[in-house]
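# Overview (structure and organization)
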Amino acid sequence: LQEKYDFLVTNPPYMQNRSLPEALKKLAKERVPTGKTDLFALFLDQGLHLLKPGGQLGLLTMQSWMFLKSYAPVRNRMIHDTQLELLAHIGPGAFEDLGAYNALTVAFTATHNRSPRNEKQTVEHSKPATFLKLNRSHLLSEKFKDFYNPNLRIQLDPKIFLKYPDQLWLYTLP
């Protein structure tokens, strides 16, 4: 598949490596150089490969990639290969109708900033990203209110996370 898309928006299915069919395990191992080979990481990796430089990526995912040590290479790639625009830390309740309270989620948008596939040059981050804290309540109605609360957003350059061990995406808001 060629780098040809301007936009890619998805909610990748969540499936750990041990649950993947053998063909997907093999593909994940070949395609995801980050070492984290679950289905989310494969979707993120493939999504970045399918986007044109300057293309937009939007994902709704589990929040675990922001904090678990095993996702450090994924976070590192996000910092170096994208310009994060917005990260909404949704937490529980994003799928209220499903009763999936334990599905702790995050949604983000980013611009692909790597040059075409075989080039190593990246564009430096030029602006901070907006981080929204929407995980205070499991109720969608409260999340919508929090979206507009200026006290629950912060502007950060994602490169700040390079200072933390394993590039954990840690930040605090009230």
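Before any of the text, the structure's been laid out above.
All values reported here derive from a predicted model rather than from experimental measurement.

For the pair helix α2 (residues 39-50) and helix α3 (residues 72-81), the least separation of the axes is 11 Å and the interaxial angle reads 20°. Between α2 and α3, the crossing angle belongs to the class labelled roughly parallel. The chirality of how α2 crosses α3 is left-handed. Note on element contacts: α3 touches α2 through V74, R77 and M78, opposite F40, A41, L44, D45, L48 and H49.

Moving on, we get to the pairing of strand β5 (residues 129-133). When you tally the buried positions in β5, you get four out of five residues, the bulk of the element. Where strand β3 (residues 82-91) lies against β5, four bridges are found, and the strand directions are parallel. Looking at β5, one finds that A88 is bridged to L132.

Glancing now at the pattern of salt bridges. A complete count under the given rule lists five salt bridges for this structure. Between D81 and R77 there is a salt bridge, with the nearest N and O atoms lying 2.7 Å from each other. With D81 and R77 both in helix α3, this residue pair falls four residues apart, about one helical turn. Note on R77: relative accessible area 15%, which makes it buried. Ionic pairing is found between E85 and K127, a salt bridge with its closest N-O pair at 3.0 Å. Of this pair, E85 sits in strand β3 while K127 sits in the loop between β4 (105-112) and β5, and the two are 42 residues apart along the sequence. Since its relative accessible area comes to 40%, K127 is described here as partly exposed.

L44, W65, L84, L87, F108, F131 and W169 are the most contacted members of the largest nonpolar core, which has 26 residues in total. Taken together, the elements giving at least two residues each to this core come down to α2, β2 (51-62), α3, β3, β4 and β5. A total of five residues in this core trace back to one element, the largest contributor, which is α2. Those residues in contact with L87 that lie beyond four places of it in its chain are W65, M66, V106, A107, F108, T130, F131, L132, W169 and Y171. In terms of nonpolar packing, the next biggest core, distinct from the first, is built from five residues, L60, A88, I90 and L134 among them.

A few words now on the sheet that holds strand β6 (residues 153-156). The mixed open sheet is built from six strands, whose spatial order is β1-β2-β4-β3-β5-β6. Of all strands in the sheet, those with a lone pairing partner are β1 (5-10) and β6, marking the two edges. Averaged over all pairs of adjacent strands, the angle between strand axes in this sheet comes to 10°, irrespective of strand direction. As defined by bridge partners, β1 adjoins β2 across five bridges and the pair is classed as parallel. What sits directly across from T10, in β2, is L59. On top of the sheet, α2 reaches β1, β2, β3 and β4; it is set at about 160° to β2, its chief contact. Across the sheet, α3 lies against β3 and β4, angled at about 135° from β3, the strand it touches most.

Procedures and definitions
- Here the residue numbering is sequential within each chain, running from 1 through the sequence in written order.
- For this predicted model, a pLDDT threshold of at least 70 governs which residues receive local features, and a threshold of 80 or more governs which side-chain atom pairs are given and counted, while totals over whole chains, interfaces and linings are taken from all residues.
- Computation of side-chain values covers all heavy atoms of the structure but excludes hydrogens and water.
- Here an axis means a line fitted to C-alpha atoms, over the contact stretch when the element is a helix, while the angle between two N-to-C directions is reported on a 0 to 180 degree scale.
- Secondary structure counts use DSSP, requiring at least four H or I residues in a row for a helix and at least two E residues in a row for a strand, with both numbered from the N terminus.
- Oblique is the label for every angle not falling under 35 degrees (roughly parallel), over 145 degrees (roughly antiparallel), or within 65 to 115 degrees (roughly perpendicular).
- Each crossing gets its hand from how the near helix is turned against the far one by less than a right angle, where anticlockwise is left-handed and clockwise is right-handed.
- Contacts: residue pairs with any heavy atoms within 4.5 Å of one another.
- The rule is simple: take the accessible area with a 1.4 Å probe, protein chains only, and divide by the maximum for that residue type; under 20% is buried, over 50% is exposed, in between is partly exposed.
- Each pair of strands is called paired provided DSSP finds at least two bridges between the two strands.
- By definition, a salt bridge exists where a carboxyl oxygen of Asp or Glu is found within 4 Å of a side-chain nitrogen of Lys or Arg.
- Working definition of a nonpolar core: buried Ala, Val, Leu, Ile, Met, Phe, Trp, Tyr and Cys residues. They are joined through side-chain atoms within 4.5 Å.

The values reported here are purely geometric and, on their own, carry no functional implication.
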